[in-house]
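Spelled out from the first residue to the last, the chains are:
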Amino acid sequence: MRVDRDRETVAAPPGRNWRSPPVVMTLSVAVVVATGWWVATAAGVGRATAGVAAGAVLVGVFVRLAGTDRLRPFAVAAAWVVSFPAGGLAATGMVLVSAGQFAGTAPVGAVFLVAGLGVATLGATGLPSRSVGREDLRLAARVAVTAAATLVVTTLAPVVDTVTRQEAGVTLPTAPLAAVGERLVTVFVTPPASPPPVGSFLVVVAGGAVGFASILRRLPVRALLDDETDDPSPAVAALDRLLAVLDYGWAALLLAGPVLAVNAVAPTVVWEPVAASIRAPLGAATATPAVRAFAVGTCVVAVLVWSLVWLVRTGYRTRLGTQTATAGAVAGWSMSVWLGWRRGGGLAETLATVVADALPPTAASSFQRGFDAVVGYYGLETVGLALVTGCVVVAAGVVLLLALGGVVGVVPASGLGHGLSAAGLFAAGGFGLALDAGLAPSLAALVGAVVVWDLGGYGTALGREVGQQGQSRRAIFVHLGGSLLVSLVASAGAIAALRARESVTLAPTASAPAVLLAGVAALVVFALLLR
C-alpha cells in the first residue's frame, strides 16, 4: 500500500494484481473440462451435458457483454441476441436428460449431475481475462430481466389475438392501423391533384421549413460561418435572414390546420366556385411528388439530427453508455422478435423432433400430437416467438440467481470463478458416485473440485504478492502436485474405508429423495467451506 502524505489518501495495488496468474486459470479450466466430460460420458449423459455446458458458456458471455462499457449499444444488443441460445441450449440439455430419465436411458438423478457440470462450466467462464464482479452481475441482471419482460409482453400480443379469434371470434383491429398508414401516405405524399391538396401541401412545406430551421440551429452552422471579425460576416447575416424566413413556417402550420380540415370534409364547397383554369394548375403544383418528398425528407432528417444532438449533449453531461444502452436494447429486441417470428418456428420443430426421439415411443407420439395441436391453434410463428421468449426467460433466471447470490454472499465477490467451478464439480462427483457412474471418473470430479478450489485460493494469494504477470509457474506446479497428492491419498483412504464395510456401497439403493437430500446437504457443507 502507498500513502500520499499530502492528501492523506491510500492507493491500492493495481486491480490486475488481485487476480490469479494465467497458468492458474488455464489449469483450472483444463481440470473442469477434463473431469467434467469424463464423469458425464461415464454416466451416459454426454449429449445433455454438452448442451448445458454450451449454454453455460454463453451465459458467461452474456454477463461479460452486459457488463462492458465499450461500444455499449452494440454490447447490449449482442447480449440480447446471445441470451436466446444461452437459455435455449441450457434448457435443451436439461430436457434431454429428463427425457432420458423418463425413457430409462439415463439413471434417475442424472439431471442433478448435469446441472452440477453446468454450474462448473459457468464458473470456468469467469476465470480467463478480467474477473467478473458483482457490478457486472448487477448490470447483466438488469439487461436480462428487461429482455425477458419485454419479450414476454411482445409474445402476449399474438397469443391474445389468437385466443380472441379462436374462442370469441373477435379479430383485433390490426387492419385499420394499416389503413390509417396508407391514408396518411396518400394525403401527405401522393395526393390526387383534384381537388387541389392545398391544406396538406401547406402542412408538408411548413413542416419542412420548421425542420430545416431546427437543423440550422441545432448544428454549429453559425460558428462555422463566422469569420471572427468585429462586424457580422455576410454569411452569418444571410443565415439570420434565412432563419427569419423559415420561422414563418410556424404561422403556416397554424393556417394549414383549418385549411386541411375544410379541404378534407367539404372540398366541393371550397373548390366549386373556383374556375377550372385556376384549379388545374394549382392542383398540379400542390400535388408535385418531388416537392412533397423533399419536405417530408427534411422533416425526417430534422428529427434525426435533433435526436443525435440531444444524445451527444446528454452523453457529454452524464454517462454516454447509460444513454446509448437504450438504443442497443431496441436493436436487440428487434433482432430477437425477427428471429422468433421468422426462424423460431423451424427451431421449435427441430427441438420437438429431438425431444420426441429421446422419449419412449408411446410418450413420443403423445408429445408430437400435443405439439402439432399447439402449432395448429397458435400458428408456427407465434410458437417460434414463444420459444425465443422462453429461452431468454431461462437465461434471465440463471443470471438473476447469480446476481442474488452475489448480494447474499453465496457467489464470491470476484463473481464467477474457482468457487463456482469447484462447487459444480463437487456436486457432479457426488452424484456420480450415487448414480454408479464409475468410481474413477466420480472421484476424479471430486479431486478436481478440491484442486480447482485450492488453485483459486493459492493463485489469488500469489497474484497479490508477485502480480498477475510474475514468474510463478514453477511454484504453481509444485503446489498443484501437492494438492493432487493430498487428494489422491484422501480418496484412497475413503475407498478403503468403504470397501472394508460390506454394508456400505458406492451406489446405494436409497430412493431418489434420499439421494437428493444427501447431495443438497453436501453442497451446503462445501459452500460453507468455500467461504
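This structure is a prediction, so every number in the text was calculated from the model and none was measured.

**Thoughts on the overall build of the chain**
When you go through the chain residue by residue, the secondary structure sums to 20 helices and two strands. Residues classed as buried in the chain amount to 38% of the 531 residues present. Looking at the chain alone, contacts between residues at least 24 apart form 79% of all its contacts between residues at least 6 apart. On the chain, roughly 28500 Å² of surface is accessible, and the fraction owed to carbon and sulfur atoms is 70%.

**Notes on the packing of aromatic side chains**
Think of a pair of aromatic rings as described by two things: how far the centres are apart, and how the planes are tilted against each other in angle. The final tally for this structure, using the stated rule, is two aromatic pairs. Measuring from centroid to centroid gives 5.4 Å for Phe-112 and Phe-431, while their planes differ by 20°, and the two rings are stacked. Note that Phe-112 is positioned in helix α4 (residues 110-124) and Phe-431 in helix α17 (residues 418-434), a separation of 319 residues in sequence. Judged by relative accessible area, Phe-112 falls into the partly exposed class, the value being 33%.

**Quick word on unusual backbone geometry**
With a phi close to 60°, Asp-436 is a non-glycine residue in the positive phi region. Looking at the secondary structure, you find Asp-436 in the loop between α17 and α18 (439-466). Here Asp-436 falls in the exposed class, since its relative accessible area comes to 58%.

**Topic: a nonpolar patch on the surface**
The grouping of Val-145, Leu-400, Leu-401 and Leu-404 at the surface amounts to a nonpolar patch, some 360 Å² of accessible area in total. Among the elements that make up the nonpolar patch, the one with the highest residue count is helix α16 (residues 380-408) (three residues). Overall, the relative accessible area of 47% leaves Leu-404 in the partly exposed class.

**Observations regarding helix α9 (residues 234-246)**
For α9, built from 13 residues, the straight-helix expectation of 18 Å at 1.5 Å per residue is met to within 8% by its first-to-last C-alpha distance of 18 Å. Those residues of α9 lying buried are Val-236, Leu-239, Leu-243 and Leu-246. One face of α9 carries all of its buried residues, which in axial projection span an arc of 80°. Exposed and oriented more than 90 degrees from the buried face of α9 are Pro-234, Arg-241 and Val-245.

**Thoughts on the packing of helix α2 (residues 46-67) against helix α3 (residues 72-103)**
Where α2 contacts α3, the axes come no closer than 7 Å and their chain directions differ by 160°. One finds that α2 runs roughly antiparallel with respect to α3. Between α2 and α3 the crossing geometry is left-handed. Residues belonging to the contact of α2 with α3 are distributed by class as follows: 21 nonpolar, five polar and two charged.

**Structural notes on the pattern of salt bridges**
A full pass over the atoms with the stated rule returns one salt bridge. With its nearest N and O atoms 3.0 Å apart, the salt bridge here joins Asp-247 to Arg-217. One end of the pair, Asp-247, is in the loop between α9 and α10 (248-265); the other, Arg-217, is in helix α7 (residues 198-218), with 30 residues separating them in the sequence. A relative accessible area of 29% means that Asp-247 is categorised as partly exposed. By relative accessible area, Arg-217 is classed as partly exposed at 47%.

**Remarks on the side chain of Ser-336**
Here Ser-336 shows up in helix α14 (residues 320-358). With residues near it in sequence (within four places) discarded, Ser-336 still touches Trp-80, Leu-151 and Val-388.

**Structural notes on helix α1 (residues 22-42)**
The first and last C-alpha atoms of α1 sit 30 Å apart over 21 residues, in line with the 30 Å expected at 1.5 Å per residue. The set of residues buried in α1 consists of Val-23, Val-24, Met-25, Leu-27, Ser-28, Val-31, Val-32, Thr-35, Gly-36, Val-39 and Ala-40. Of the residues one or two after α1, Gly-44 is the one with positive phi, at around 80°.

**Some details on the confidence of the model for the chain**
On average, the chain scores 75 in pLDDT, and the residues at 70 or more come to 69%. Long-range and interchain partners of residues 317-321, a stretch whose pLDDT sits below 50, account for five contacts in this model, where long-range means more than four residues apart. Per-residue pLDDT stays below 50 along residues 503-513; that stretch engages in 11 contacts with residues further than four places along the chain or on separate chains.

**What about the side chain of Ser-421?**
Here Ser-421 is to be found in helix α17. Judged by relative accessible area, Ser-421 falls into the buried class, the value being 0%. Within polar-contact distance, the side chain of Ser-421 engages the backbone oxygen of Ala-120 at 3.1 Å. With sequence-adjacent residues up to four places away left out, Ser-421 is seen in contact with Val-32, Ala-120, Gly-123, Ala-124 and Val-452.

**Thoughts on the nonpolar core**
The tendency in soluble globular proteins is for nonpolar side chains to be buried side by side. With 39 residues, the main nonpolar core has Val-45, Val-97, Leu-113, Leu-117 and Leu-425 as its most contacted residues. Elements with a minimum of two residues in this core: α1, α2, α3, α4, α14, α15 (361-378), α17 and α18. Ignoring sequence-local partners within four residues, the contact set of Leu-113 consists of Val-39, Ala-40, Ala-43, Val-45, Ala-428, Phe-431, Gly-432 and Leu-435. Counting residues in hydrophobic clusters, the runner-up holds 38 residues, among them Phe-62, Leu-122, Val-388 and Ala-403.

**Let's talk about the packing of α2 against α4**
Running from N to C, α2 and α4 point in directions that differ by 30°, and their axes come no closer than 8 Å. On the basis of the axis angle, α2 is roughly parallel to α4. By crossing handedness, the relation of α2 to α4 is classed as right-handed. Between α2, through Ala-48, Thr-49, Val-52, Ala-53, Ala-56, Val-57, Val-59 and Gly-60, and α4, the contact on the second element is made entirely by Val-114, Leu-117, Gly-118, Thr-121 and Leu-122. In terms of residue class, the contact of α2 with α4 is built from nine nonpolar, four polar and no charged.

Procedures and definitions
- Residues numbered from 1 in each chain as written.
- Predicted model: local features only at pLDDT ≥ 70, side-chain atom pairs only at ≥ 80, totals over all residues.
- Heavy atoms only, no water.
- Helix = DSSP H or I, 4+ residues; strand = E, 2+ residues; numbered from the N terminus.
- Buried < 20%, exposed > 50% of the residue type's maximum accessible area, 1.4 Å probe, protein only.
- Contact = heavy atoms within 4.5 Å.
- Areas by Shrake-Rupley, 256 points an atom, 1.4 Å probe, with all protein chains shown as cover.
- Phe/Tyr/Trp six-rings, centres within 6.5 Å; stacked < 30°, edge-to-face > 60°.
- Patch = residues over 30% accessible without salt bridge, like charges linked within 9 Å, V, L, I, M, F, W, Y side chains within 5 Å.
- Salt bridge = Lys/Arg side-chain N within 4 Å of Asp/Glu carboxyl O.
- Expected span 1.5 Å × (residues − 1).
- Arc of directions from axis to C-beta.
- Axes fitted to C-alpha atoms, helices over the stretch in contact; angles between N-to-C directions.
- Parallel < 35°, antiparallel > 145°, perpendicular 65-115°, else oblique.
- Left-handed = near helix turned anticlockwise from the far one by under 90°.
- Nonpolar A, V, L, I, M, F, W, Y, C, P; charged D, E, K, R; others polar.
- pLDDT = per-residue confidence, 0-100.
- Polar contact = N/O pair within 3.5 Å; in protein donor to acceptor, adjacent residues only side chain to side chain.
- Core = buried A, V, L, I, M, F, W, Y, C linked by side-chain atoms within 4.5 Å.

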